[in-house]
Amino acid sequence: MMKPDIELLANRLAEAFGRARVKRNEILAKHCNWRVGGPADLFFRANTAEELVLAARLAKEHGRPVTVLGFGANVLVSDKGIRGLVILNRAQRTAFGPDAVVQADSGTNLAVLAKQAAQEGVAGLEFLIGIPGTVGAAVAVNAGTRTEWISGIVRRARILTSEGAVRWLAPHELDFAYRNSRLKRTGEIVICAEFQGKPDSPERIEQRMAEHLRVRQNQPTGPSTGSVFKNPDGDFAGRLIEACGLKGLRIGGAQIAEMHANFILNTGGAQARDMKALIERAKTEVRRKFGVELEEEVRYLGEW
Ligand SMILES: Cc1cc2nc3c(=O)[nH]c(=O)nc-3n(C[C@H](O)[C@H](O)[C@H](O)COP(=O)(O)OP(=O)(O)OC[C@H]3O[C@@H](n4cnc5c(N)ncnc54)[C@H](O)[C@@H]3O)c2cc1C
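How each quantity is defined
Residues numbered from 1 in each chain as written. Predicted model: local features only at pLDDT ≥ 70, side-chain atom pairs only at ≥ 80, totals over all residues. Heavy atoms only, no water. Domains from an automatic or database assignment. Contact = heavy atoms within 4.5 Å. Buried area = accessible area lost by both parts, 1.4 Å probe. Salt bridge = Lys/Arg side-chain N within 4 Å of Asp/Glu carboxyl O. Polar contact = N/O pair within 3.5 Å; in protein donor to acceptor, adjacent residues only side chain to side chain. Helix = DSSP H or I, 4+ residues; strand = E, 2+ residues; numbered from the N terminus. Nonpolar A, V, L, I, M, F, W, Y, C, P; charged D, E, K, R; others polar. Axes fitted to C-alpha atoms, helices over the stretch in contact; angles between N-to-C directions. Parallel < 35°, antiparallel > 145°, perpendicular 65-115°, else oblique. Buried < 20%, exposed > 50% of the residue type's maximum accessible area, 1.4 Å probe, protein only.

## Some details on the domain arrangement of the protein chain
And then number 1: Considered domain by domain, the protein chain is made up of domain 1 (7-89), domain 2 (94-218) and domain 3 (237-301).
And then number 2: Here the C-alpha centroids of domain 1 and domain 3 sit 28 Å apart.
And then number 3: At the interface, 12 residues of domain 1 touch 15 residues of domain 3.
And then number 4: Roughly 1,100 Å² is buried in total at the junction of domain 1 and domain 3, and carbon and sulfur atoms are behind 62% of that figure.
And then number 5: Considering only the side of domain 1, the residues that lose the most area to domain 3 are Trp34, Leu76 and Asp79, jointly responsible for 56% of the buried surface there.
And then number 6: Taken together, domain 1 and domain 3 are joined by 1 salt bridge.
And then number 7: Notably, a salt bridge pairs Asp79 with Arg273, separated by 3.2 Å at the nearest N-O pair.
And then number 8: Counting across the domain 1 and domain 3 interface gives 8 residue pairs in polar contact (both at pLDDT 80 or more).
And then number 9: Looking at the side of domain 1 that touches domain 3, the elements that each hand over two or more residues are β3 (66-69) and β4 (75-77).
And then number 10: The residue makeup of the side of domain 1 that touches domain 3, split by class, is 7 nonpolar, 3 polar and 2 charged.

Written as structure tokens, this is what we have:
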């Protein structure tokens, strides 16, 4: 039996979007790269920025927590699932303006955006080609490579505040840091973002994109979240975990990748608790051997 306030929210969402689009107890493993995670009380796929804003506002009005999911490429969702409303964000309108300015809805696939930018002769977004995920999450977690971060190209981001207001935030207000921004603290939702590129020829941009993809060929394949831990100052999490002899270690269906010790793979049938247990084991061993406290890059969602 659902709690009455969730029932009220389900009804309001159904009135706004149609009953068939509001799902109860949707298993989130289907929507996350690691293929683990339990049910969402309520689940809704937003196809436009307007739907994203309306659904999030309705949840707030009913006092229920709201969680936005992009591709689930950077999250560990608990086996117990997520309470409240989960919005799968597929708002993906893009617009190319003068002076190499690009606007993209927060559910836009980063790889699609990079390819569109190349076709339009807009350089600077090439590095996004190899990062699985959406624009909104990339802004929230300041996604990037070793040399380029999304914070370097953001002109401003349109956000839904915790009070339900819509505001544009400038980069200094977004408070970007290594795999971090104010949005991770506040839970504000990115509706869309505006990027500043540079004009260049599509051919040169495509060559650079191909190079970004080539570098990634030595990454492990299979269900993962990319790097599980942030790199500590002056070192690499993968090197430290490998030096503890943990490469290949398995718990349940979860395994520290043989190819890269900062990746954990779901080799089949893993539970979220297996992932969490491997994460804790790696942290404990690295702390014991090196006195270094590893910090997760992956975000925990739901009830732990
Ligand atoms: C093989 C592989 C390689 C990777 N390589 C890289 C890499 O090189 N660099 C890198 O930075 N990352 C990398 N990642 C991690 C991941 O691709 C990025 O973190 C990406 O930004 C996640 O996007 P997503 O849409 O899947 O986010 P999700 O996992 O869906 O969400 C991540 C977090 O952002 C929040 N969020 C989602 N949408 C919004 C929104 N609109 N507004 C506010 N918050 C939101 C979620 O609630 C969650 O807390 C890699 C992952 C994989 C699987």
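From this point, the narrative continues.
## A short note on the packing of helix α3 (residues 110-119) against helix α7 (residues 202-215)
And then number 1: The contact between α3 and α7 brings their axes to 8 Å, and the two run at 150 degrees. The angle between the axes of α3 and α7 places the two elements in the roughly antiparallel class. Across from Ala114, Lys115, Ala117, Ala118 and Gln119 in α3, the residues of α7 making contact are Pro202, Ile205, Glu206 and Met209.
And then number 2: Its residues assigned to classes, the contact of α3 with α7 shows 6 nonpolar, 1 polar and 2 charged.

## A closer look at the environment of Glu258
And then number 1: Position of Glu258 among the secondary structure elements: in the loop between β14 (254-256) and β15 (264-266).
And then number 2: Placed 78 residues apart in sequence, Glu258 and Asn180 show a C-alpha to C-alpha distance of 28 Å.
And then number 3: Among residues more than four places away in sequence, those in contact with Glu258 are Lys247 and Gly248.

## Some thoughts on the pattern of salt bridges
Once the charged atoms of two side chains with opposite charge are near each other, the side chains can pair.
And then number 1: For the coordinates displayed, the defined rule picks out 26 salt bridges.
And then number 2: The closest approach of N and O atoms between Arg83 and Asp41, which form a salt bridge, is 2.9 Å. Remark: Asp41 occurs in strand β2 (residues 39-46) and Arg83 occurs in strand β5 (residues 82-89); sequence separation between them is 42 residues.
And then number 3: Close ionic contact of Arg208 with Glu126 constitutes a salt bridge, the shortest N to O distance being 2.9 Å. Separated by 82 residues along the polypeptide, Arg208 in helix α7 and Glu126 in the loop between β8 (122-123) and α4 (135-141) bring together distant segments of the chain.
And then number 4: Arg208 sits in the partly exposed class, given a relative accessible area of 34%.
And then number 5: Put simply, Glu126, Asp200, Arg204 and Arg208 are held in one network by salt bridges that share partners.

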